[in-house]
Amino acid sequence: MKYIILLFLTCLTLCLSQAILAQTASLDPPAEAALVPSEPPAPPSNVRVSDLPNDDGHGIQVKWNLSPDDGAGAKSVISYDIYRADTPDAPDSLWKKVGTAVLGIKSYADKGERDAGSRDYLPKHTNLYYRVYAVGAGVRSAAAAAGPVQATDDWFNDMKVPELVFCVVFLILTVRFINMAKKGADLYVRPLAGIEAIDEAIGRATEMGKPILYVLGIGTAGDIATIASFTVLGRVARKVAEYQTSMIVPCIDPVVMTIAQETVKTGYADAGRPDAYKEDSVYYVTSQQFPYVAAVNGTILREKPATNIYLGYFAAESLLLAETGVLAGSIQIAGTDQVSQLPFFVVACDYTLLGEELYAASAYLGREPLLLGTLKAQDYLKAIVLVCMIALLALRVITGADVIRKPFDMPWW
Amino acid sequence: MTSKMAMRILTAIVALIFLVSWITKSGSGMSDSSFTNVRDGFLITFAVFLTLSIFSFLYRDNPFYKFAESLYVGISAGYWMCYGFWSTVVGNFVPRASRSLSEFFHVPYQEHADHILIYIPIIFGLILLTRLLPKIGWLSRWSLAFIIGATAGLNLTRYLRSDFISQVSNSFIPLFVDWKGVGSFISHISLAADGQFIAILSNWVIFVGVMCGLVYFFFSKEHKGAFGVASRIGIWILMITFGASFGYTVMGRISLLVGRITFLFGDWLKIL
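Please read these numbers as outputs of a predicted model, since none were measured by experiment. (Residues numbered from 1 in each chain as written. Chains lettered and ligands numbered in written order. Predicted model: local features only at pLDDT ≥ 70, side-chain atom pairs only at ≥ 80, totals over all residues.)

## A word on the overall build of chain B
Rule in force here: The secondary structure listing takes helices from DSSP runs of H or I that are at least 4 residues long and strands from runs of E that are at least 2 residues long, numbered from the N terminus. All radius of gyration figures rest on C-alpha atoms, and the globule criterion is 2.2 Å times the number of residues raised to 0.38. In this scheme the burial state of a residue depends on its C-beta neighbours within 10 Å: 20 or more other such atoms mean buried, 12 or fewer mean exposed, and anything in between means partly exposed; the C-beta positions come from the backbone. In this description, a residue-residue contact is defined by the distance between C-beta atoms placed from the backbone, which must lie within 7 Å.
The secondary structure content of chain B amounts to nine helices and zero strands. Secondary structure elements of chain B occur, N-terminal to C-terminal, as α-α-α-α-α-α-α-α-α. Relative to its length of 272 residues, chain B is extended, with a C-alpha radius of gyration of 31 Å against a globular reference of 19 Å. Taken along its principal axes, the extent of the C-alpha atoms in chain B is 85 × 60 × 45 Å. By residue count, 10% of the 272 residues in chain B fall in the buried class. In chain B, once contacts between residues fewer than 6 apart in sequence are set aside, the share between residues at least 24 apart is 24%.

## A look at the interface of chain B and chain A
Heads up, the condition is: When residue character is reported, Ala, Val, Leu, Ile, Met, Phe, Trp, Tyr, Cys and Pro are called nonpolar, Asp, Glu, Lys and Arg charged, and the others, Gly included, polar.
The partner chain A presents 51 residues to the 50 residues of chain B that form the contact. Of all the secondary-structure elements, those providing two or more residues to the side of chain B that touches chain A are α3 (63–97), α6 (140–171), α8 (196–216) and α9 (225–268) of chain B. Per-element accounting of the side of chain B that touches chain A gives the leading share, 17 residues, to α6 of chain B. Here the side of chain B that touches chain A is built from residues that sort into 28 nonpolar, 14 polar and eight charged.

## Concerning the confidence of the model for chain A
Heads up, the condition is: Across the chain, each position has a pLDDT score giving the predictor's confidence in that residue, from 0 to 100.
Mean pLDDT for chain A: 82, with 87% of residues reaching 70 or above. Across residues 14–35 of chain A, confidence stays below pLDDT 50; counting only partners more than four residues off in sequence or on other chains, it has zero contacts.

## As for the domain arrangement of chain A
For clarity, the cut-off: Residue ranges for the domains originate in an automatic or database domain assignment.
Examined at the domain level, chain A breaks down into domain 1 (45–149), domain 2 (161–178 + 371–408) and domain 3 (187–367). Centre-to-centre separation of domain 1 of chain A and domain 2 of chain A, based on C-alpha positions: 42 Å.

## Regarding the packing of helix α3 (residues 193–208) of chain A against helix α4 (residues 224–243) of chain A
Residue and element names in this part refer to chain A. Formally: Axis definition: a line fitted to C-alpha atoms, limited for helices to the stretch in contact. Angles are taken between N-to-C directions and run from 0 to 180 degrees. Crossing handedness follows the turn of the near helix against the far one: under a right angle anticlockwise gives a left-handed crossing, and clockwise gives a right-handed one.
With their axes 10 Å apart at the nearest point, α3 and α4 run at an angle of 35° to one another. The handedness of the crossing between α3 and α4 comes out as right-handed. Here α3 contributes Ile198, Asp199, Ile202, Gly203 and Thr206 to the contact with α4, which in turn contributes Val236, Lys239, Val240 and Tyr243. The residue makeup of the contact of α3 with α4, split by class, is five nonpolar, two polar and two charged.

## Focus on the domain arrangement of chain B
Segmentation of chain B into domains returns domain 1 (3–60) and domain 2 (173–268). Relative to domain 2 of chain B, the C-alpha centre of domain 1 of chain B lies at a distance of 48 Å.

## Side note on the sheet that holds strand β9 (residues 212–217) of chain A
All names here are of chain A. The test is simple: Any two strands are treated as partners once DSSP identifies two or more bridges connecting them.
The six strands lie next to each other as β11-β10-β9-β12-β13-β14, forming an open sheet whose pairing is parallel. With partners counted over all chains shown, the strands left at the sheet margins are β11 (282–284) and β14 (351–354), one partner each. Along the sheet, successive strands turn relative to each other by an average axial angle of 15°, direction set aside. Bridging between strand β10 (residues 247–251) and β11 involves three bridges; their strand directions are parallel. Its bridge partner being in β11, valine 249 is matched across the sheet by valine 282.

## Examining the sheet that holds strand β2 (residues 59–65) of chain A
Residue and element names in this part refer to chain A. Ordered by their spatial adjacency, three strands build an open sheet running β1-β2-β5, and the pairing between neighbours is antiparallel. Here the strands that pair on one side only, and so sit at the sheet edges, are β1 (45–51) and β5 (107–111). Recorded for the sheet is a direction-independent mean angle of 15° between the axes of neighbouring strands. The pairing of β1 with β2 spans five bridges and is classified as antiparallel. The partner of arginine 48 across the bridge, within β2, is lysine 63.

Below you can see the structure in the form of structure tokens.
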């Protein structure tokens, strides 16, 4: 036994001494630090300046050839410093450092601010000059000043070509399908279980004499999921008014609350019961996520709503709300476009609208030509992508040519 | 014993524990100032009380949870109102609107800012407030229409890029990576992470996943026959993804719980 203890103590001593030695070694200054080259690195050459393309006129592109000491020669270049001035022969104090590029990099985009009061303001239509320094350890050398160059704004952003193409295709399809829907064409939309359950859930609430809780999520009025949720809210409000039951709509955003009030009010009016609408049923709680959840959870347990509907933009509160709804014994219908939150709704709710189903729900419920046309256009755009994908992949397999990545090698992708 | 009496006894016990904790924490303070020690002792004890009050929701709704909830919501609503005033009115409007107001609020006046443009949101903001006047309340719909229309339009191109174009671009991948024939593939087959077999398998999973996922989200056709099979595969792939995402996120939530436990047992009880 004593030998084991002796062995253990020996090992412990060795480990401790190793640790102390390692710590002492780390405190010593690195040997390389003493090697400070006295000679500055060779400057970069052929500095070119041009207007930065596809911007609002407050950017300049600077390019240069690497210093001979960058990765070769004396290997003394650490980085490149980029300076800007109004005149080529300005004193050093008037040259303003605008950026740094690490070694091996041959270009820098000087993206300035448009606000004249800003420190990084870069004026448009003004002659500017640039200098590029090769920076070594404590020393540097500059290439000759390049310029003049003027920043100009561009009317067209080439990088947005795909957006333009898809927008145009989508617009054509949307207009076509809206016109078809307006002319009475029967545009099929497959049934969505979650949405079909809404009527049943409202009926259950009426039978039980309990309210319906509708949560629009924590998004702002500009979020697409919130906008889609408003459409469903209008439909739910109309049904609630028809069945003469009550609803609770707690909101996290004052603007969302205002729109929700308008939507519910319109729903009640459409059902022919504007007098039954209570403005207090749609109310603001707070703009912070977790206090909002605490308040809604409290409401769920106190009011015991028969049905909870969560449609919109959700984050970490999804499971907190849905679990509390389970405790209260409510039927729960949820839907969000946040992929990370869908698993929580799937496990805790009776019906879940997955991602795009939330957008489709509004079209399915309303059957309005505008919404139906948009949904159909989305479907056809997806079909086009599907067909293109299969065709390109088949072509690649048959011919062996790299036809797949070629269209996507353009800078705008 | 009535529930009212039980509640009174419970409240008395909680108050007693609170007092004992406050006194103990004040006595074990690190500062030289007794005021600081008493204050810190109170703050730690109060934070513990609020933490346990929120946790009590796991049992059921109760007055302690209601107190913590009301305090949390009230402070948050007040904070955001102040934040909105100082960041939007004082931070954005005042520096562009008036030099004297800027001096009053001690914010730098922005001489070169676009002064006229700021009156557009101000007008829309004031119109939104007409909701308070029933006779002209309909005017507020203009502001709402502007908010929804403008943000939806701006988001169109943003989402088109992030949710559509980028994903389409990344889905066009070769199904046979570095293909040199069946013989070569079979003779060099391995399960190494950077091997050809795994690369090909990954690309096939992406390809089938994207195809079947797109079919599932195709609303214009009934999901029957081959279309239905593809749709079923699509929903299976989605559910597998959700399962992985669920586990990953729950791990993150556990770390939040660990933070609270560390506070209770470390900062408060000093047994960690």
